[in-house]
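Here's the letter readout for the chains.
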Amino acid sequence: MKTIIEPFKIKSVEPIRFTTKEERKKLIQEAGYNPFFLHAEDVLIDLLTDSGTSAMSSKQWAGIMDGDESYAGSKSFYKFEEAVRKITGMKFIIPTHQGRAAEKILFTVTGGKGKYFPNNTHFDTTRANIEFTGAEAIDLLNETGKHPEIRADFKGNMDVEKLVHFIEKTGAENIPLCMLTITNNSGGGQPVSMQNIREVKQVCNKNNIPLFIDACRFAENAYFIKKREKGYAQKSVLEIAQEMFSYADGITMSAKKDALVNIGGFLAMNDEKLAQSCRNLLIVTEGFTTYGGLAGRDLEAVAQGLEEVLDEHYLQYRIRSIEYLGERLIAAGVPIIEPPGGHAIYIDAKRFLPDIPPEEFPGQAIVCALYIEGGIRSVEIGSVMFGKYDKSGKLIPPPMELVRLAIPRRVYTQSYIDYVAEIILEVFKNKKSLKGFKIVYEAPMLRHFTARFEEIN
Ligand SMILES: Cc1ncc(COP(=O)(O)O)c(C=O)c1O
């Protein structure tokens, strides 16, 4: 069959609210031109994030009713632990309320001044949690991953040669662990190949550095390996995921992505001593070791979600729906990261708005225009999110200026996606009318969440 249908039926619906263009112009201005300050009910199609926005299945809701809320030793915890262990093989599994809580614990225990943490590309919360301890977060993405227009199968790969040099220069003793983020969210949701995971692990082994995987989108990554990497076509996604994790010494996970839940996460590892230190901190900051900041019912939903996400009909539909949007945009000449990634389309704002320089935040201009034109909420991943200042206060932009349209899992059908494509094309047609922005307020860390902007006239 040519048409790939959603592999589910809709059982419960939530109405969406329509607003006019005039209303949206006012609403985004009142929000300081920052979509994080919009009220969700003023958004028609919410592509701000794929995190915590999944539609849960009837079995997950049934699990919610079945949750065991015992403070210690809840049966829901053991179900969750078994589900995580089946996929990851990890010895010690520590629930947390979301991904950044796992990061906070891991880096508080392992980080500190003088320490360095390489990754293909650190996600914003990962970077922030590392830097918060005084340590440095280092991105070692391969070169093709930095060029939106180059098509390659595994643009999330780490540059292994750069990793080797980095370890030589820095000293392995100053690198408590190395990370791989699969898929690479900040770099276009691009996958990491099994070969790259294996090679990174070999380098880590040689230097006695543990390898941690940021596994938020592990199932999407495993599906790309199945489709694109030689030798994996006949393997199940579960087998591929198991192999990926067999090279890891530990995992951080936001269950809000590929565990198909609205809240949850975990930290997992094989080192008992490290697990003990993490658990001690967990008790201070999250909760007891068998719930870690979650309710028993949330653990049930995660366990069920981890099983459902490995369904290959689901993954086929999931990856295809992103690709479908990408194809429509590419056909109309809209510059995006190619090929489309696993969970989102990333517009290349540099090529979309070549006349607006990074200091005037071209990505933010597109984000605001998409909201005004069609009530679509997206997010800038460029100089607003990752720009730093030099000593003279001049902006040092990141390699790419992107706008991410993240597709929530199992939420929107094809007609929504067609509508999104139409709105993007309309904004693209009128791009000459877009203006740059300046920041009028920013927080010292993770500024994109709370920054306020003014249009430059
Ligand atoms: C790659 C990656 N790591 C970590 C996180 C943080 O997870 P959470 O939002 O659950 O704290 C995210 C969230 O978007 C992510 O995409």
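Look up: the structure comes first, before these words.
Sequence order as written defines the numbering, with residues in each chain counted from 1. This being a predicted model, a pLDDT of at least 70 is required before a residue's local features are given, and a value of 80 or more before pairs of side-chain atoms are given or counted; all residues contribute to the totals for chains, interfaces and linings. Heavy atoms from the whole structure form the basis of all side-chain values; hydrogens and water molecules are not counted.

Engineer: Lay out the overall build of the protein chain in plain terms, naming residues and giving numbers.
Structural biologist: Put simply, DSSP H or I for four residues or longer makes a helix, DSSP E for two residues or longer makes a strand, and each gets a number counted from the N terminus. Along the protein chain, the regular secondary structure elements total 16 helices and 16 strands. We compute the radius of gyration from the C-alpha atoms alone; for a globule the expected value is 2.2 Å times N to the 0.38, where N is the number of residues. Relative to the 2.2 N^0.38 estimate, which gives 23 Å for 457 residues, the radius of gyration of the protein chain is 21 Å and therefore close to what a compact globule would have. For the C-alpha atoms alone, the extent of the protein chain along its principal axes is close to 60 × 55 × 45 Å. Put simply, of all contacts in the protein chain between residues at least 6 apart along the chain, 72% involve residues at least 24 apart. Only the protein chains shown count as covering a residue, and every accessible area follows the Shrake-Rupley method with a 1.4 Å probe. Carbon and sulfur atoms form 52% of the exposed surface of the protein chain, whose accessible area is close to 19,400 Å². His is not counted, nor are the chain ends, whereas Lys and Arg count as positive and Asp and Glu as negative. Working definition for charges: the position is that of NZ of Lys, CZ of Arg, CG of Asp or CD of Glu. Charge centroids of the protein chain, computed over 57 positive and 60 negative side chains, lie 1 Å from each other. Only heavy atoms enter the contact rule, under which two residues are in contact if any of them lie within 4.5 Å.

Engineer: Account for the sheet that holds strand β11 (residues 379-381), with residues named and values stated.
Structural biologist: Pairing in this open sheet of three strands is antiparallel, and the strands run β9-β14-β11 from one edge to the other. With partners counted over all chains shown, the strands left at the sheet margins are β9 (344-348) and β11, one partner each. Each neighbouring strand pair of the sheet contributes to a mean axis angle of 35 degrees, computed without reference to strand direction. Working convention: axes come from line fits to C-alpha atoms, limited for helices to the stretch in contact. Angles between N-to-C directions cover 0 to 180 degrees. Across the sheet, helix α14 (residues 362-374) is in contact with β9, β11 and β14 (402-406); its angle to β14 comes to roughly 40 degrees. Two strands form a pair only when DSSP identifies at least two bridges running between them.

Engineer: Describe in detail the side chain of Ser 186, supporting the description with residues and values.
Structural biologist: Inspection of the secondary structure puts Ser 186 in the loop between β5 (178-181) and α7 (194-206). Once residues within four sequence positions are removed from consideration, Ser 186 is found in contact with Thr 121, His 122, Phe 123, Asp 124, Ile 381, Phe 386 and Leu 402.

Engineer: Would you mind going over the side chain of Lys 226 in detail, with residue names and values included?
Structural biologist: Mapped onto the elements of the fold, Lys 226 is located in helix α8 (residues 218-228). Each polar contact in these results corresponds to two N or O atoms within 3.5 Å; when the atoms are within protein, one needs to be able to donate a hydrogen and the other to accept it, and residues that are neighboring in sequence are counted only if both atoms are side-chain atoms. Separated by 2.7 Å, the side chain of Lys 226 and the backbone oxygen of Lys 235 make a polar contact. The contact partners of Lys 226, leaving out residues within four places of it in the chain, are Tyr 232, Ala 233, Gln 234, Lys 235, Ser 236, Val 237, Ile 240 and Glu 312.

Engineer: Account for the pattern of salt bridges, naming residues and giving values.
Structural biologist: A pairing counts as a salt bridge when a side-chain nitrogen of Lys or Arg comes within 4 Å of a carboxyl oxygen of Asp or Glu. One pass over the full model with this rule turns up 32 salt bridges. For Glu 338, the salt bridge identified is with Arg 151, shortest N-O distance 2.6 Å. One end of the pair, Glu 338, is in the loop between α12 (312-331) and β9; the other, Arg 151, is in the loop between β4 (136-139) and α6 (160-170), and 187 residues separate them in sequence. Note on Glu 338: relative accessible area 15%, which makes it buried. For every residue, the accessible area (1.4 Å probe, protein chains only) is compared with the maximum for its type, and the residue is labelled buried under 20%, exposed over 50%, or partly exposed between those bounds. Looking at Arg 151, the relative accessible area reads 51%, which means it is exposed. If you follow the salt bridges from partner to partner, you end up with Asp 50, Arg 217, Glu 220, Asp 258, Arg 318 and Arg 409 in one network.

Engineer: Give a detailed account of the site of the ligand, specifying residues and quantitative values.
Structural biologist: When we say a residue is near a molecule or strand, we mean one of its heavy atoms is within 4 Å of it. For the ligand, the set of nearby residues contains 15 residues, the closest of which are Arg 100, Asn 185, Asp 214, Ser 254 and Lys 257. Separating an oxygen atom of the ligand from a side-chain N or O atom of Ser 254 is a distance of 2.6 Å. Within the complex, 96% of the 390 Å² of free accessible area of the ligand lies under protein. Among the elements that line the shell around the ligand, the one with the most residues is helix α4 (residues 99-110), at three residues.

Engineer: Break down the pairing of β14 for me, with residues and values.
Structural biologist: Among the five residues of β14, five are classified as buried, and the element is accordingly described as predominantly covered. Bridge count for β9 against β14 is five bridges, and the pairing is antiparallel. Each residue of the ladder has a partner; that of Asp 348, found in β14, is Leu 402. Across three bridges, the pairing between β11 and β14 is antiparallel. Across the sheet, residue Ile 381 finds its bridge partner in β14, namely Leu 402.

Engineer: With reference to specific residues and values, describe the packing of aromatic side chains.
Structural biologist: Two rings from Phe, Tyr or Trp (for Trp, the six-membered ring) form a pair when their centres are within 6.5 Å of each other. A pair whose planes differ by under 30 degrees is stacked, one over 60 is edge-to-face, and the rest are tilted. The final tally for this structure, using the stated rule, is 16 aromatic pairs. Their ring planes at 70 degrees and their centres at 5.0 Å tell us that Tyr 71 and Tyr 291 sit as a pair that is edge-to-face. Separated by 220 residues along the polypeptide, Tyr 71 in the loop between α2 (58-65) and α3 (75-88) and Tyr 291 in the loop between α10 (272-285) and α11 (296-308) bring together distant segments of the chain. Using a relative accessible area of 57% as the deciding quantity, one classes Tyr 71 as exposed.

Engineer: Please provide a residue-by-residue account of the packing of α8 against α12, values included.
Structural biologist: Relative to each other, α8 and α12 sit at 90 degrees, their axes nearing to 10 Å. Relative to α12, the element α8 lies roughly perpendicular. Contacts from Ala 219, Glu 220, Tyr 223, Phe 224 and Lys 226 of α8 reach α12 at Glu 312, Leu 315, Gln 316, Arg 318 and Ile 319. Here the residues of the contact of α8 with α12 sort into five nonpolar, one polar and four charged. With respect to orientation, any angle under 35 degrees is reported as roughly parallel, any angle over 145 as roughly antiparallel, any angle of 65 to 115 as roughly perpendicular, and every other angle as oblique. Residue classes follow a fixed rule: Ala, Val, Leu, Ile, Met, Phe, Trp, Tyr, Cys and Pro count as nonpolar, while Asp, Glu, Lys and Arg count as charged, and any other residue, Gly among them, counts as polar.

Engineer: Which residues make up α4, and what values do they have?
Structural biologist: Taking 1.5 Å as the rise per residue, α4 with twelve residues should run 16 Å; its terminal C-alpha atoms sit 17 Å apart, in good agreement. Listed as buried for α4 are Gly 99, Ala 101, Ala 102, Glu 103, Ile 105, Leu 106, Phe 107 and Thr 110. Following α4 by one or two positions, Gly 112 has its phi on the positive side, about 120 degrees. Given the number of residues in a helix, its expected span is that number minus one, multiplied by 1.5 Å.

Engineer: An account of the nonpolar core is requested, with residue identities and associated values reported.
Structural biologist: We call a set of buried residues a nonpolar core when its members are Ala, Val, Leu, Ile, Met, Phe, Trp, Tyr or Cys and they connect through side-chain atoms within 4.5 Å of each other. The biggest cluster of nonpolar side chains holds 65 residues, and the ones touching the most others in it are Val 200, Phe 218, Met 244 and Leu 306. Tallying contributions element by element places α8 first for this core, with six residues. If we ignore the near neighbours within four places in the chain, the residues touching Met 244 are Ile 182, Met 194, Ile 197, Ile 213, Phe 218, Asn 221, Ala 222 and Ile 225.

Engineer: With reference to specific residues and values, describe the environment of Gln 29.
Structural biologist: Among the structural elements, Gln 29 can be located in helix α1 (residues 21-30). For the pair Gln 29 and Cys 368, spaced 339 residues apart in the sequence, the C-alpha separation amounts to 9.2 Å.

Engineer: A description of the sheet that holds strand β6 (residues 211-214) should follow, citing residues and the corresponding values.
Structural biologist: Strand order in the open sheet made by the five strands is β2-β8-β7-β6-β5, with mixed pairing throughout. Edge positions in the sheet fall to β2 (92-96) and β5, since each of these pairs with one other strand and no more. With direction set aside, neighbouring strand axes in the sheet form an average angle of 15 degrees. Alignment of β2 against strand β8 (residues 265-269), held across five bridges, turns out to be antiparallel. Paired with Thr 96 across the strands is Gly 265, a residue of β8.

Engineer: Can you tell me about helix α5 (residues 124-132), naming the residues and giving the values?
Structural biologist: Among the nine residues in α5, seven count as buried, and that is most of the element. Asp 124, Thr 125, Thr 126, Arg 127, Ala 128, Asn 129 and Ile 130 are the residues of α5 that are buried. At the C-terminal side of α5, Gly 134 shows a positive phi close to 95 degrees.

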